[in-house]
Amino acid sequence: MSIDKKTVKDVAHLARIELQANELEKLSRQLQDILGFIDQLSTLDIEQVKPASHILPINNVLREDKPHVCLTPDKALENAPSKNGNFFSVPKIIE
Amino acid sequence: MEVNQLTAHELLDKLKNKQVVFKDIMEALYVRIQAVEPKVKAYARFKSENKLSLNPQTNGLLGGLPITIKDNICTEGLNTECCSKILGNFRPPYDATVINKLKTAGSSIFPLKANMDEFAFGSSTENSYFGSTHNPWNLECVPGGSSGGSAAAVASDEAIWALGSDTGGSIRQPASFCGVVGLKPTYGRVSRFGLIAFASSLDQIGPITKDVEDAAILTRIISGYDPNDSTSVNQDVPDYTNNLGKDIKGLKIGIPKEYFIDGMDVEVKRVIEEAINKLESLGVISSKVTLPHTQYAVPVYYIIATAEASSNLARFDGVQYGYRAKSDNLIEMYKKTRAEGFGEEAKRRIILGTFVLSHGYYDAYYLRALKVRTLIKNDFDTVFKDFDCMVTPTSPTPAFKIGERAADPLKMYLSDIYTISVNLAGIPAISIPCGFTKKGLPVGLQIMAKPFNEEMLFRLAYAFEQNTQWHKIKPRL
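What comes next concerns the included structure. (Residues numbered from 1 in each chain as written. Chains lettered and ligands numbered in written order. Predicted model: local features only at pLDDT ≥ 70, side-chain atom pairs only at ≥ 80, totals over all residues.)

1. Topic: the overall build of chain A
Alright, step 1. Along its length, chain A carries three helices and two strands.
Alright, step 2. For chain A, the sequential pattern of α-helices and β-strands runs α-α-α-β-β.
Alright, step 3. For chain A, the C-alpha radius of gyration of 22 Å lies well beyond 12 Å, the compact-globule estimate for 95 residues.
Alright, step 4. Its C-alpha atoms give chain A principal-axis dimensions of roughly 55 × 45 × 25 Å.
Alright, step 5. The buried share among the 95 residues of chain A stands at 16%. (Helix = DSSP H or I, 4+ residues; strand = E, 2+ residues; numbered from the N terminus. Rg over C-alpha atoms; globule rule 2.2 N^0.38 Å. Buried ≥ 20, exposed ≤ 12 C-beta atoms within 10 Å, placed from the backbone.)

2. What about the pairing of strand β10 (residues 442–449) of chain B?
Residue and element names in this part refer to chain B.
Alright, step 1. When you tally the buried positions in β10, you get eight out of eight residues, the bulk of the element.
Alright, step 2. Burial along β10 is two-sided: P442, G444, Q446 and M448 and V443, L445, I447 and A449, pointing in opposite directions, are all buried.
Alright, step 3. Sheet analysis places strand β8 (residues 389–393) next to β10, joined by five bridges and oriented antiparallel. Looking at β10, one finds that V391 is bridged to I447.
Alright, step 4. Linkage of strand β9 (residues 429–436) to β10, two consecutive antiparallel strands, is achieved through a turn of five residues, within which G440 is found at a positive phi near 85°. (Pairing = 2+ DSSP bridges.)

3. A short note on the nonpolar core
Residues and elements named next belong to chain B.
Alright, step 1. Ranked by internal contacts, the top residues of the largest apolar core, which has 166 residues, are C389 and I447.
Alright, step 2. In terms of residue count, helix α8 (residues 297–312) provides more of this core than any other element does, ten residues in total.
Alright, step 3. Residues in contact with C389, not counting those within four places in the same chain, are L251, I253, I447, M448, A449, M456 and L460. (Core = buried A, V, L, I, M, F, W, Y, C linked by C-beta atoms within 7 Å. Contact = placed C-beta atoms within 7 Å.)

4. Quick notes on the interface of chain A and chain B
Alright, step 1. Across the contact, 44 residues belong to chain A and 56 residues belong to chain B.
Alright, step 2. Looking at the side of chain A that touches chain B, the elements with two or more residues in it are α1 (5–14), α2 (21–38) and α3 (73–77) of chain A.
Alright, step 3. No other element matches α2 of chain A, which puts seven residues into the side of chain A that touches chain B.
Alright, step 4. Grouping the amino acids of the side of chain A that touches chain B by side-chain chemistry returns 31 nonpolar, six polar and seven charged. (Nonpolar A, V, L, I, M, F, W, Y, C, P; charged D, E, K, R; others polar.)

5. Quick look at helix α2 (residues 22–40) of chain B
All names here are of chain B.
Alright, step 1. Remark: the principal bend of α2, roughly 45°, maps to Q34, with a proline, P38, within the next four residues.
Alright, step 2. Within α2 the residues assigned to the buried category are I25, M26, L29, R32, I33, V36, E37 and V40.
Alright, step 3. Lining the buried residues of α2 we find α1 (8–16), β1 (66–70) and α4 (148–155).
Alright, step 4. Positive phi appears at K41, one or two residues downstream of α2, with a value of about 55°. (Bend = angle between axes of the 7 residues up to and from the residue.)

6. Some remarks on the sheet that holds strand β3 (residues 162–166) of chain B
Residue and element names in this part refer to chain B.
Alright, step 1. If you trace the ten strands from one edge of the open sheet to the other, you get β2-β1-β3-β5-β4-β9-β10-β8-β6-β7, paired in mixed fashion. The two strands at the open ends of the sheet, each matched to only one other strand, are β2 (108–114) and β7 (285–289). Looking at each pair of strands side by side, their axes are set apart by 30° on average, direction ignored.
Alright, step 2. Of the strand pairs in this sheet, β1 and β3 are connected by two bridges, and their pairing is parallel. The partner of I69 across the bridge, within β3, is L163. (Axes fitted to C-alpha atoms, helices over the stretch in contact; angles between N-to-C directions.)

7. Digging into unusual backbone geometry
All names here are of chain B.
Alright, step 1. The omega torsion of the bond from G145 to S146 falls at 10°, within 30 degrees of zero and hence cis.
Alright, step 2. Assignment of secondary structure puts S146 in the loop between β2 and α4.
Alright, step 3. With a phi close to 65°, T125 is a non-glycine residue in the positive phi region.
Alright, step 4. Within the secondary structure, T125 sits in the loop between β2 and α4.
Alright, step 5. In the Ramachandran plot, D157 falls in the positive-phi region, its phi being about 60° despite a non-glycine side chain.
Alright, step 6. Locating D157 in the fold gives a position in the loop between α4 and β3.
Alright, step 7. The exposure class of D157 is buried, given the 23 C-beta atoms found within 10 Å.

Laid out in structure tokens, this is it:
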């Protein structure tokens, strides 16, 4: 399978990363190489194999639904690049 | 010998007998750091003019003994930036579970954090926003990565011991390149709470130390169940020092033939063969075994690890912490923040990971990789039915030159060919010093064991170490 510049551009948009023209060029070439290398997996017969979504036999870890100590708003907002009262502040979303 | 050159267990004895006090250790470390840090650059954000201060945590067993922490493990109030611009000036509002455990045990968290590849993406520490760390054995070489700062700090006696994290070899490979001991514990052994996630199904925190006994002590302190990490396992933590010194006669050691292939450095091959001979002279019984899906480990890893990374790194969007680019439009703000905040390798991995998870490619890449991961794990289960351990090189080459592989990501990815399978299978593995190349670069021996059998690793590693002198040789800086 191959990856072209348009696909890389679309995927970069999905990943919310702006790419410069030279970055797009270089990245497309490198991803093409990496995917070429990865393609050796397609030679394996894996029809009957179960996917290892988790390596340990742990399922559905639940905790009791009880209140517990968490960060105060002040602490949670300490690192915010921009805040307004007890909220994170971002550029306007709705026009 | 200077105080900073001692191991943690030697210092603990001296602290107990009042032969040294906390202040002596810190002063010795500072003197050493001022002298060699400009050459080694093991620490992120180090400025020689800044006087470091530290309030000793002298309660508890460790008597305030300082420990160096990788820059991706959260330390309350102390910068934790994953060596990335996007986490610029991030001061975590809480401690990672391992940090809590260390403080409870009486350890002081060293005020400088160890350098690393940005977000642990790399095998050379060249991808740090703060620049490369240099290998203490040869300053023109990389220290390995991604925990290259932790390994170089321990090797150059700028640290007593350290914590790193290992997703595909990021503790063991730099330990091997720097001639120190590094352990990746079993997946689920150590809580990941407060470790800034790279690939959640592979990441583990582990020790980087000057000898095996220190690794055993530190592993016991940081291990154990944590309700804050739903993948940590509720299983007793043994005193790993109990098994040190136990006889290794009759232990069955597998040597996977797929790990001794063309492309492996001839000197590494020689050193590893000598190490295996040494183990045999100590009474282990070794035979060739096969891990037939070894060649697929690197491609599987670069699908699973990047897929998980692309999802984990979605949180760095300029809203809650770190760097934010200026823009009046929200989507633009995200895109510019991430474009300006992430380095080249981080962008490459996020985009690759997003691609393998995206509609139309998911089955062909991600699902397929998960299935091959099962085959890789089955390979290990099969061998471990009949063997106590497996022994391999940690890396196919000794430390390479800075810049040598930076332009070719695929070549860099192949540096981890011997370490990646261990993370995919979830098993524990240790790298210990086992010799040098003719040019004086260290070579590491990797030992792998069954899940939750770290005791076996320490037992075998300790027996080898105590019958050799490799761990006592120090770099000349």
